[in-house]
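Here's the letter readout for the chains.
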Amino acid sequence: MSDSKKPTMSSLEQLKASGTLVVADTGDFEAIAKFKPRDATTNPSLILAAAKMPQYSKVVDEAIMAAKAGATIEEQVEIAMDKMFVAFGAEILKVVEGRVSTEVDARLSFDKEAQVAKALKLIKLYEELGVDKNRVLIKLSSTWEGIKAAEELEAKHGIHCNLTLLFSFAQAVACAEAKVTLISPFVGRIMDFYKAKHSKTYEAEEDPGVSSVRKIFNYYKKHGYQTVVMGASFRNVGEVLALAGCDLLTIAPKLLAELDNMSDSVPKKMSVESATASESQKIHLDEAGFRWLHNEDEMAVEKLSSGIRGFAVDAAKLETIIREKLQ
């Protein structure tokens, strides 16, 4: 076959070939099978969207039925929420070969013990469905309490954690020191902040979200941390392709489809070799140091707090749907 006849690889295939593990960011498990992602991530907002889709009413109804065992309406709502998150995760694991991320209620973000207890409960529900804990990443907000909860879950219980709503370098450093499995820095939401603040649009190479992820990736690889970096919250394919070579990228189905239909070349932008050659001093953060350094970053303070509020609002909406169905 001559070169001119060879089918060109799509940008999505090239991204996978760059060494980046492609993850689908959705609760809609029917939408992801065709892109063959290795893993999938969910959050309260994505589960809320999926729970409203008619094709998933069975998943919702089964969680409601199981919740009737609760003594009070509050208990029933909590059981249904947990069962629903896990049921969507278990369905997703039928179409991805790797792992699913399931989020702990964002309203627990400032309570370490409550986050640990909820994570253990979610893992137990997965195990009851025959899902090994190694196929689940527990998603926690990257607050100090969330990071400390993850540290305990990883070290004491062998439960792998995905630290989400990560916007500052301080959060990234604390996660690495806590030996968490994976972090999810939010590329698009970082860019949103600066776009609004400076009334300007950014090309991928100057995108502050892209720069943030590259800085964290380089720091982790240079200093030998095992925690892996999964870029998240993308606004366009430019941001995705600017992070080719990152450990993992979690991408919404709409952008996966765009990448699948493109054949632009995808040069590798990040590597362990270039990270090792990068300049950075290793730093250590105790609680006071973490709070100070994070607080110095106006964008991160705003985006972490609004992110927690947003997930909490969607969790409450999901509870309302459940409450109505329980009546």
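One can find the structure itself at the top, above this paragraph.
Let me sum up the structure you'll find in this document. Note that the structure is a prediction, hence the values are computed from the model and not measured. Every chain is numbered on its own, with residues counted from 1 as its sequence reads. Local features in this predicted model are restricted to residues of pLDDT 70 or higher, and side-chain atom pairs are both shown and tallied only at a pLDDT of 80 or more, whereas totals for entire chains, interfaces and linings draw on every residue. Side-chain calculation: all heavy atoms of the structure are included, whereas hydrogens and water are not.

## A look at the nonpolar core
Counting 91 residues, the largest nonpolar core has I138, I183, Y220 and I251 as the members making the most contacts within it. Ranked by residue count, the leading element in this core is helix α5 (residues 73-92), at nine residues. Residues count as neighbours in contact if any of their non-hydrogen atoms are within 4.5 Å of one another. Ignoring anything within four residues of it in the chain, the contact list for I251 reads L15, V22, V23, A24, D25, F234, V240, L256 and L259. In this description, a nonpolar core means a group of buried Ala, Val, Leu, Ile, Met, Phe, Trp, Tyr and Cys residues linked to one another through side-chain atoms lying within 4.5 Å. Burial here depends on accessible area, computed with a 1.4 Å probe over protein chains only, as a share of the maximum for the residue type. Under 20% is buried, over 50% is exposed, and the range in between is partly exposed. Counting twelve residues, the second largest nonpolar core, distinct from the first, contains I190, F193, I308 and F311. Runs of H or I in DSSP of at least four residues are treated as helices and runs of E of at least two as strands, each being numbered from the N terminus.

## Side note on the layout of surface pockets
The computed volume of the largest pocket comes to approximately 390 Å³. Breaking the lining of the largest pocket down by element, the ones donating at least two residues are α4 (57-67), α5 and α6 (112-128). Residue classes follow a fixed rule: Ala, Val, Leu, Ile, Met, Phe, Trp, Tyr, Cys and Pro count as nonpolar, while Asp, Glu, Lys and Arg count as charged, and any other residue, Gly among them, counts as polar. Each residue belonging to the lining of the largest pocket can be placed in one class, and the counts come to ten nonpolar, one polar and eight charged. Lining residues are defined by having an atom within 4 Å of a point belonging to a cavity or pocket. Those points lie on a 1 Å grid over the protein atoms alone, cavities being sets where a 1.4 Å probe fits but cannot get out and pockets being open sets with protein on both sides within 12 Å along at least five of seven lines. Grid points are joined across faces, edges and corners, and a volume is the space filled by probe spheres set on the points. Roughly 300 Å³ of volume is contained in the second largest pocket. Ranked by residues supplied to the lining of the second largest pocket, first place goes to helix α15 (residues 298-326) with four residues. Split into classes, the residues belonging to the lining of the second largest pocket amount to six nonpolar, eleven polar and four charged.

## Thoughts on unusual backbone geometry
One non-glycine residue, L165, lies in the positive phi region at around 50°. For L165, the position within the fold is in strand β5 (residues 161-166). Classification of L165 by relative accessible area gives buried; the value is 0%. Within the chain, S233 stands out as a residue other than glycine whose phi angle is a positive 60°.

## Details of the packing of α4 against α15
For the pair α4 and α15, the least separation of the axes is 10 Å and the interaxial angle reads 65°. Handedness of the crossing formed by α4 with α15: right-handed. Residues V60, D61, I64 and A67 of α4 lie in contact with α15, whose contacting residues are I322, K325 and L326. Of the residues belonging to the contact of α4 with α15, the class tally is five nonpolar, no polar and two charged. Axis angles are defined between N-to-C directions and span 0 to 180 degrees, where every axis is a line fitted to C-alpha atoms and, for a helix, only to the segment in contact. Left-handed describes a crossing whose near helix is turned anticlockwise from the far helix by less than a right angle; the clockwise case is right-handed.

## Comments concerning helix α3 (residues 44-51)
All of the buried residues in α3 are P44, I47, L48, A50 and A51. Projected down its long axis, α3 shows its buried positions confined to an angular sector of 165°, all on one face. Next to the buried residues of α3 lie α4, α5, β3 (100-103) and α15. Between a side-chain oxygen at the N-terminus of α3 and the backbone nitrogen of S45 the separation is 2.9 Å; the capping residue is N43. Along the arc lie the directions from the helix axis toward the C-beta atoms. By the criterion applied in these results, polar contacts are pairs of N or O atoms within 3.5 Å in which, for protein atoms, one can donate a hydrogen and the other can accept it, and in which residues neighboring in sequence qualify only through two side-chain atoms.

## Section: the pairing of β5
Along β5, six of the six residues are buried, which leaves the element largely enclosed by surrounding structure. Should DSSP find at least two bridges between two strands, the strands are taken to pair. Bridge analysis of strand β4 (residues 136-141) against β5 gives four bridges, and the strand direction is parallel. Bridge pairing links K139 to N162 in β5. Clockwise travel from the first strand over the helix to the second, with the strands pointing away from the viewer, marks a crossover as right-handed. For the crossover that starts at β4, traverses helix α7 (residues 144-157) and ends in the parallel β5, the hand is right-handed. Two strands pair when backbone bridges link them, and β5 and strand β6 (residues 182-185) are joined in this way by three bridges, in the parallel orientation. Paired with L166 across the strands is P185, a residue of β6.

## Examining the packing of α3 against α5
For the pair α3 and α5, the least separation of the axes is 11 Å and the interaxial angle reads 80°. Between α3 and α5, the angle is such that the two are roughly perpendicular. Here α3 contributes P44, I47, A50 and A51 to the contact with α5, which in turn contributes M84, F85 and F88. Here the contact of α3 with α5 is composed, by residue class, of seven nonpolar, no polar and no charged. Oblique is the label for any angle not under 35 degrees, not over 145, and not in the 65 to 115 range, which are roughly parallel, roughly antiparallel and roughly perpendicular in turn.

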